[in-house]
Amino acid sequence: MTPARSRTAAGRQPAAARAAARGLLADARYTAAVIPTTILAVLAQLADAEGVAVEPWLAGLGITRAQIDDASVRVSYRQASLIIKRALRAIPRSEFGLEVGSHQSNGTFGVMGLAMMTARTFGDAVAIGVEYADITGALMDVETETPNAHEVALVARPRFPDEEILVFLCEELFASTLQLARGLVGGTFKPECLELTYPAPPHAADYRKLFGCEIRFGASRNRMVVGARWLEQRLPTHHPVSAQQALAICREQAAQIRRQSEIIASVERILRRRLAEHPTLSEIAQNLNLSERTLRRHLATAGRVYRDIHDQLRAERALELLSAGALSIAAIGSEVGYSDAREFRRAFKRWTGAPPTAMRHAAVAE
């Protein structure tokens, strides 16, 4: 690559990265606080054992160390992914994802773990794990497929594109799945093979030692392939009544997550249409045919505050308009609900840490 091409590529990258970030922030699944802190709690426990401070990982996220261990607390994908990135920088071991996954057990998965343990067969347990993965704090989307009559595969897909944590997420998911499976059917369980989309990391040998099967890096998908014979194995912990009770709780928790995500998405959709009007929470509630009190309760359950959602969307829109360069600062302020340009400048600096003129100059420089 010539120096000139290097400069051009480097100049485009920040703008592209910001555009991608704006796209993520516009996705309710990225910002809705509906994810249990299960994985983060294991991260924090390992950090505590090594004397690594966890508090710096939480800076600016509105989360305390105590809340990481609180089963009632929910975080957004944005918060969880940022905490993981900070943890990986603080504990820079390439195999850290495998460690986090290996430190989990049936008990780590809460009521879903109980539902799986009390299922009739291992196949039933797998189906429960896939259907209710979200209530355990899973950060990847999972599903099963049947490549042939003799195998079944657990396929994991990144919820959002983020190469910085892809290896960690795959390692955590597949290692914890392995521990869960061995807890259900015994220590002799092992996959037929494990396929991963990324190149072999420095600790590739650790994969073979842990999983005890063929490992294929640079594959087209992330998946764990298991012999279909395992699916029919009866579980010694099967208990019909406990299974029904646990599944009922799983269904309710999953429905709660869906309701919370839908409420956040609806609020954001209305706000984007009406940013210039500076709508109140009461007006948004009327649009949704809810009382203000009910909407406030829904937002609190999802771990969100109306003002924060409003400010986030105004900041996104203002950044978009600043990058376009067609409107004055005052006009941009008006577009996001500020009739006073000075008030908009103060608000923008509060949102981003820099005045709008500085952000505009940075956009032009790129």
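About the cut-offs
- Residues numbered from 1 in each chain as written.
- Predicted model: local features only at pLDDT ≥ 70, side-chain atom pairs only at ≥ 80, totals over all residues.
- Heavy atoms only, no water.
- pLDDT = per-residue confidence, 0-100.
- Contact = heavy atoms within 4.5 Å.
- 1 Å grid on protein atoms, 1.4 Å probe; cavity = no way out; pocket = protein on both sides within 12 Å on 5 of 7 lines; lining within 4 Å.
- Points joined across faces, edges and corners; volume = space filled by probe spheres on them.
- Helix = DSSP H or I, 4+ residues; strand = E, 2+ residues; numbered from the N terminus.
- Expected span 1.5 Å × (residues − 1).
- Buried < 20%, exposed > 50% of the residue type's maximum accessible area, 1.4 Å probe, protein only.
- Nonpolar A, V, L, I, M, F, W, Y, C, P; charged D, E, K, R; others polar.

Asks: Break down the confidence of the model for the chain for me, with residues and values.
Replies: Scored by pLDDT, the chain has a mean of 87; 90% of the residues are at 70 or more. Counting contacts from residues 1–14, a segment whose pLDDT is below 50, to residues more than four positions away or on other chains yields 3 contacts.

Asks: Tell me about the layout of surface pockets, residues and numbers included.
Replies: Reported here for the second largest pocket is a volume of approximately 380 Å³. Along the wall of the second largest pocket there are 22 residues; nearest its centre are Pro36, Thr38, Ala71, Thr108 and Gly110. For the lining of the second largest pocket, the secondary structure elements donating two or more residues are α3 (38–49) and α7 (110–117). Broken down by element, the residue count for the lining of the second largest pocket peaks at 4 residues, all from α3.

Asks: Describe α3, listing the residues and the values that go with them.
Replies: Helix length check: α3, at 12 residues, gives a terminal C-alpha distance of 17 Å against a target of 16 Å (1.5 Å per residue), a fit within 8%. The buried fraction of α3 is high, at 9 of 12 residues. Restricting attention to buried positions, one finds in α3 the residues Thr38, Ile39, Leu40, Ala41, Val42, Leu43, Ala44, Leu46 and Ala47. Where α3 is buried, its residues contact β1 (35–36), α4 (65–68), β2 (74–75), α5 (77–90), α6 (96–102) and α9 (163–185).

Asks: Could you give me a rundown of empty space enclosed by the protein, with the residues and numbers involved?
Replies: The final tally for this structure, using the stated rule, is 2 cavities of 30 Å³ or more. If you add up the space inside the largest cavity, you get close to 480 Å³. Gly129, Leu154, Leu173, Thr177 and Leu180 are, among the 33 residues lining the largest cavity, the residues nearest its centre. For the lining of the largest cavity, the leading source of residues is α9, giving 8 residues. The class makeup of the residues in the lining of the largest cavity is 24 nonpolar, 8 polar and 1 charged.

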